[in-house]
Amino acid sequence: MPVAAVLLPLQCTYTNTAHQYHLIAVYKNYTNFSALKLKKFSVIINYIMLCTNVSVPATKWIKSCRQTPWIHLEDQFIADDQVKAAYQNTFLEHNVHLDINSSPKLARLTEIMVTLGKKNSHPDAIVDMMMAGANIVRLNMSHETEKWHAITVRSIREAGNRMYEFTSEVYPLGIAMDLRGPEIRTGGFYGDRLCSGYAKLETGKLVRLVTNDIAKRGGCARCFWISYSELPRICRPGDRILIDRGTVLLQVTCIREKSLVCKVIKGGTLRDNTLVQLLDSIISLPQISEKDTEHIKLACALECDFIVVNHVRSKEMIYSVKSRLKEMGYTEICVAAKISTQQGLDNFDEILDVADGIVIDRRSIEIDVGTEKLFLVEKILIAKCIKLGKPVALGFQVRSNGKSNIDMNLIASAVLNGVDAIFLKTGTLDMKETTKLLKNIDMICREAESARWQKAIFDELSYKVPIPLDPTRAIIVGAVETSLKSNAAAIIVTTTSGRSAILLSMYRPRCPILAITRYGVVARLLQFYYGVHPFHYITKPLCDWTQDMEIRIQTGINSLRRKKYVNVGDPIVIVSGSRQGAGFTNCIRIIYVSPGQMENQMSDVEPCC
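Computed from a prediction, not measured in an experiment: that's the story for all the values here.

Participant: How should I be thinking about the overall build of the chain in this particular structure?
Facilitator: On a plain count of helices and strands, the chain comes out with 19 helices and 27 strands. Burial status across the chain gives 52% buried among its 609 residues. Counted over contacts in the chain with a minimum sequence separation of 6, partners at least 24 positions apart contribute 68%.

Participant: Is there a simple way to think about the nonpolar core in this case?
Facilitator: Generally speaking, a soluble globular protein has its nonpolar side chains buried in company with each other. Counting residues in hydrophobic clusters, the biggest one holds 113 residues, and the most contacted among them are Ile-307, Ile-358, Leu-424, Tyr-507 and Phe-528. With near-sequence residues (within four places) excluded, Ile-358 lies in contact with Ala-337, Ile-339, Phe-348, Ile-351, Leu-352, Cys-385, Pro-391, Val-392, Ala-393 and Phe-528.

Participant: What is the right way to look at the pattern of salt bridges in this model?
Facilitator: Think of it this way: side chains of opposite charge can pair up when their charged atoms draw near. Inspection of every chain in the model, using the stated rule, returns 24 salt bridges. Across the pair Glu-183 and Arg-180 runs a salt bridge, and its minimum N-O distance is 3.9 Å. Owing to a relative accessible area of 13%, Glu-183 belongs among the buried residues under this scheme. As a salt-bridge pair, Arg-240 and Asp-280 come within 3.1 Å of each other at their nearest N and O atoms. Of this pair, Arg-240 sits in strand S11 (residues 240-243) while Asp-280 sits in the loop between strand S15 (275-278) and helix H7 (290-301), placing them 40 residues apart in sequence. A relative accessible area of 37% means that Arg-240 is categorised as partly exposed. For Asp-280, a relative accessible area of 38% corresponds to the partly exposed category. Among the ionic contacts, a cluster of salt bridges with common partners joins Arg-108, Asp-442 and Arg-446.

Participant: Teacher, can you tell me more about the packing of helix H13 (residues 408-417) against helix H14 (residues 431-450) here?
Facilitator: In helix packing, the relevant descriptors are the interaxial angle and the interaxial distance, both defined with respect to the helix axes. The contact between H13 and H14 brings their axes to 9 Å, and the two run at 45°. When the axes of H13 and H14 are compared, the pair comes out oblique. The handedness of the crossing between H13 and H14 is right-handed. Taken together, the residues of H14 that come into contact with H13 (itself represented by Met-408, Ile-411, Ala-412, Val-415 and Leu-416) are Leu-437, Asn-440, Ile-441, Ile-444, Cys-445, Ala-448 and Glu-449.

Participant: Explain the sheet that holds strand S18 (residues 357-361) here, please?
Facilitator: Paired through their backbone hydrogen bonds, the strands of a sheet run either parallel or antiparallel. One closed barrel accounts for eight strands, arranged S4-S5-S6-S16-S17-S18-S19-S22; its pairing is parallel. Neighbour-to-neighbour, the strand axes of the sheet open up by a mean angle of 25°, direction not taken into account. Contacting strand S17 (334-339), S18 and strand S19 (392-397), helix H11 (residues 362-369) runs over the sheet at an angle of about 65° to S18.

Participant: Which parts of the structure should I look at to understand the side chain of Lys-390?
Facilitator: Note on placement: Lys-390 falls in the loop between helix H12 (371-388) and S19. Although Lys-390 lies buried, it forms no salt bridge, and the closest oppositely charged side chain, Asp-353, sits 5.8 Å away as judged by the N-O distance. Polar contacts involving the side chain of Lys-390 include one to the main-chain carbonyl oxygen of Asp-353, which spans 3.4 Å. Ignoring any residue separated from it by four or fewer positions in sequence, one finds Lys-390 in contact with Leu-352, Asp-353, Val-354, Ala-355, Asp-356, Cys-385 and Asp-420.

Participant: Would you take a moment to explain the state of the cysteines for this structure?
Facilitator: Each disulfide consists of one covalent bond between the sulfur atoms belonging to two cysteines. Applying the stated rule across the entire model yields zero disulfides. There is no disulfide at Cys-235, and the cysteine sulfur nearest it, in Cys-262, is 7.4 Å away. Residue classification places Cys-235 among the buried positions, given a relative accessible area of 0%.

Participant: I tried to follow the sheet that holds strand S13 (residues 259-266) on my own but got confused; where do I start?
Facilitator: Read across the sheet, seven strands follow the order S7-S15-S11-S12-S13-S9-S10 without closing on themselves; strand pairing throughout is mixed. Pairing within the sheet leaves two strands with one partner each, and these edge strands are strand S7 (184-185) and strand S10 (223-225). The pairing of strand S9 (residues 206-210) with S13 spans five bridges and is antiparallel. If you follow Arg-208 over to S13, its bridge partner there is Val-261.

Participant: Explain the pairing of S9 to me, please; I cannot follow it from the model alone.
Facilitator: A regular strand places its side chains on the two faces of the sheet in alternate fashion. Pairing analysis gives three bridges linking S9 to S10, with the strands arranged parallel. The residue bridging Leu-209 from the neighbouring strand is Phe-224, located in S10.

Participant: Looking at this structure, I do not really get helix H16 (residues 471-485). What am I missing?
Facilitator: An α-helical segment advances 3.6 residues per turn. Residues three or four places apart therefore align on the same side. Compared with an ideal rise of 1.5 Å per residue, which puts 15 residues at 21 Å, H16 spans 21 Å between its outermost C-alpha atoms and is within 8% of the ideal. The set of residues buried in H16 consists of Thr-472, Ile-475, Ile-476, Val-477, Ala-479, Val-480, Ser-483 and Leu-484. In this fold, the buried residues of H16 make contact with helix H15 (454-463), strand S23 (490-494), helix H17 (499-506), strand S26 (571-577) and strand S27 (585-592). Just downstream of H16, Asn-487 is the residue with a positive phi angle, here 55°.

Participant: Can you walk me through the confidence of the model for the chain in this structure?
Facilitator: Low-pLDDT stretches of the model should not have their predicted coordinates read in fine detail. Looking at the chain, the pLDDT average stands at 82 and 83% of residues meet or exceed 70. Predicted confidence is poor over residues 1-67, with pLDDT under 50, and the contacts of this stretch with residues over four places away or in other chains come to 79 contacts. This stretch, residues 598-602, has a pLDDT under 50; its non-local contacts, to residues over four places away or in other chains, come to eight contacts.

Participant: Got a minute to help me understand the packing of aromatic side chains in this structure?
Facilitator: How two aromatic rings sit relative to each other is given by the distance of their centres and the angle of their planes. This structure, assessed with the given rule, holds four aromatic pairs. Taken together, a centroid distance of 5.8 Å and an interplanar angle of 50° make the contact between Phe-91 and Trp-453 tilted. With Phe-91 in helix H3 (residues 91-96) and Trp-453 in the loop between H14 and H15, the pair connects residues that are 362 residues apart, well separated along the chain. On the basis of relative accessibility, which here comes to 19%, the residue Trp-453 falls in the buried class. Relative to Phe-528, the ring of Phe-306 has its centre 5.7 Å away and its plane inclined at 85°; by these criteria the two rings are edge-to-face. Residue Phe-306 is located in strand S16 (residues 306-309), and its partner Phe-528 is located in the loop between helix H18 (520-525) and strand S25 (532-536); the two are separated by 222 residues in the primary sequence. Assessed through its relative accessible area of 3%, Phe-306 is described here as buried. Here a set of aromatic residues connected by ring pairs shows up, and it is made of Phe-306, Phe-528 and Tyr-529.

Participant: How should I be thinking about a nonpolar patch on the surface in this particular structure?
Facilitator: A surface patch of nonpolar side chains, about 270 Å² in accessible area, is lined by Phe-375, Leu-376 and Ile-380. Its location among the elements puts Ile-380 in helix H12.

Participant: Hey, could you run me through the environment of Gln-343 in this one?
Facilitator: Take Gln-343: it is sitting in helix H9 (residues 342-346). Assessed through its relative accessible area of 26%, Gln-343 is described here as partly exposed. Sequence separation between Gln-343 and Asp-368 is 25 residues; the distance between their C-alpha atoms is 9.8 Å.

Participant: How should I be thinking about the packing of helix H4 (residues 123-132) against helix H5 (residues 146-167) in this particular structure?
Facilitator: One can describe the packing of H4 onto H5 by two numbers: an axis separation of 8 Å at closest approach and a directional angle of 55°. Classified by the interaxial angle, the pair formed by H4 and H5 is oblique. At the point where H4 passes H5, the crossing takes the right-handed sense. Note on element contacts: H5 touches H4 through Ser-155, Ile-156, Glu-158, Ala-159, Gly-160, Arg-162, Met-163 and Phe-166, opposite Pro-123, Asp-124, Ile-126, Val-127, Met-130 and Met-131.

Participant: Sorry if this is basic, but what is going on with the environment of Ile-351 here?
Facilitator: Structurally, Ile-351 can be placed in helix H10 (residues 348-354). Ile-351 sits in the buried class, given a relative accessible area of 0%. Each C-alpha atom of the pair Ile-351 and Ile-318 lies 7.6 Å from the other, and the pair is 33 residues apart in sequence. Beyond its immediate chain neighbours, meaning those up to four positions away, Ile-351 contacts Val-312, Arg-313, Ser-314, Lys-315, Ala-337, Ile-339, Gly-344 and Ile-358.

Thresholds, definitions, all that
Residues numbered from 1 in each chain as written. Predicted model: local features only at pLDDT ≥ 70, side-chain atom pairs only at ≥ 80, totals over all residues. Heavy atoms only, no water. Helix = DSSP H or I, 4+ residues; strand = E, 2+ residues; numbered from the N terminus. Buried < 20%, exposed > 50% of the residue type's maximum accessible area, 1.4 Å probe, protein only. Contact = heavy atoms within 4.5 Å. Core = buried A, V, L, I, M, F, W, Y, C linked by side-chain atoms within 4.5 Å. Salt bridge = Lys/Arg side-chain N within 4 Å of Asp/Glu carboxyl O. Axes fitted to C-alpha atoms, helices over the stretch in contact; angles between N-to-C directions. Parallel < 35°, antiparallel > 145°, perpendicular 65-115°, else oblique. Left-handed = near helix turned anticlockwise from the far one by under 90°. Pairing = 2+ DSSP bridges. Lys, Arg positive; Asp, Glu negative; His and termini not counted. Polar contact = N/O pair within 3.5 Å; in protein donor to acceptor, adjacent residues only side chain to side chain. Disulfide = S-S within 2.5 Å. Expected span 1.5 Å × (residues − 1). pLDDT = per-residue confidence, 0-100. Phe/Tyr/Trp six-rings, centres within 6.5 Å; stacked < 30°, edge-to-face > 60°. Patch = residues over 30% accessible without salt bridge, like charges linked within 9 Å, V, L, I, M, F, W, Y side chains within 5 Å. Areas by Shrake-Rupley, 256 points an atom, 1.4 Å probe, with all protein chains shown as cover.

Listed below in structure tokens is the structure:
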């Protein structure tokens, strides 16, 4: 049988003084030499020599390329995570090429924020949530005491220590404190002995709302206290008042000096200190309440990473929070604005300019704009956030009246719209329910991420960038495009301030961004950004910065390999700097994943020509 196939994977050439032979990759039933073990190489040589009747006393092997046998550049393996559909030229062709049998990648790109309550705030529950994929935990200051929140933060730290014992890696779980904000609430319902702590309002009945503090705890089904003293001044007959996010609906019929008489349009049961919303009146509340100032101090003392400002109506509210943080000497805390009212929607552009991130409260906005307009609000707000590069989280009410009512199709729609994080109000769930929910959302997020039209996303985001670019942004755009062209399994970036990782997230790559940093506060901050998997590298730096950089990158690759986010032969894009310090990100290279760190085996290597 004649020898005809040239050995391509290693590109080796056999030479002597008189002849030059190209080795072939035909041995018994093997047709691809890259599938063979290297230890069989000598057997192939002997077989070739026997078939060709060649006898050469002296040999010399010249390796013309560092390319290793597990890299298949000539026949690149294409993953099945909807990659064929992602790069179609039209939206219609993209949808046509979607495959329902395609498997998504293991690495989820959309972040998840969960709320802690009494049933899911102990260390074991938090560990389970981290294992299930939680990125940020939220403390709702509208409920529970300050002491309870301080104990919960201690439980979060304990859970982090346990995760380090299990995985030998620091899990940078972010902590968000959700301020109560300037809001209107009811008082306590202890005026009726038969209904202590609650009141049942019947449809068609009349109820009186009073602002006198004497009635603060003496509420009943006929009369209860409202915390807003200016309520009689701003309301008009016919105005609607919503209580407990739609549980009870009232309509003003009569206005007095310090009270209102309302007709119950929709009856229901009210508990103590429930939220009150005025649907037809424009309210004027203080930017930040005294209680919020105390909670900001508590957030600084507990070293929280995010502060969510509730019921944001204007940019002045964000300025007020940031000025208080600056006075306290804490400028690294991310201040996010929660949009939940019509006033917030009207002033959204100015709020977005000054806020570090946006949280959209779907349930509260639905009350103001209606169910038929809610999807339109989501699309508009998410698109504006993506355009400016600000992270955005979309909130979902998980439980209502003791029943889980979250729709997974809404989660998928949010991911397709480009949301950075899914915000879950899970304060009433226990450990098992929370963990199960996280796993279900992780699965639907990965499926939706694979189904996004990647070509249009990157083209639109890179098209709007002004020319010329600053060096760092130019490198970032090139790195994302390189990852798309090479179908990279991951992007690894070394970062000091987190800016490089944030810029990578802005261009929405299809693969995870492993951000390696030595600073825990930076790692936790990056948990809010799409696609970023922060890696807190805590080993002391070496004297040789170049060697230290290579060790950090190799440690990151080993972490990806342990999590099975990358496979042997997968390309990885490396983004790093040419010198130490922030602001020097200017290098891009591609490396390929080896079978692992074993004796006498090459580590992850770069291809060369």
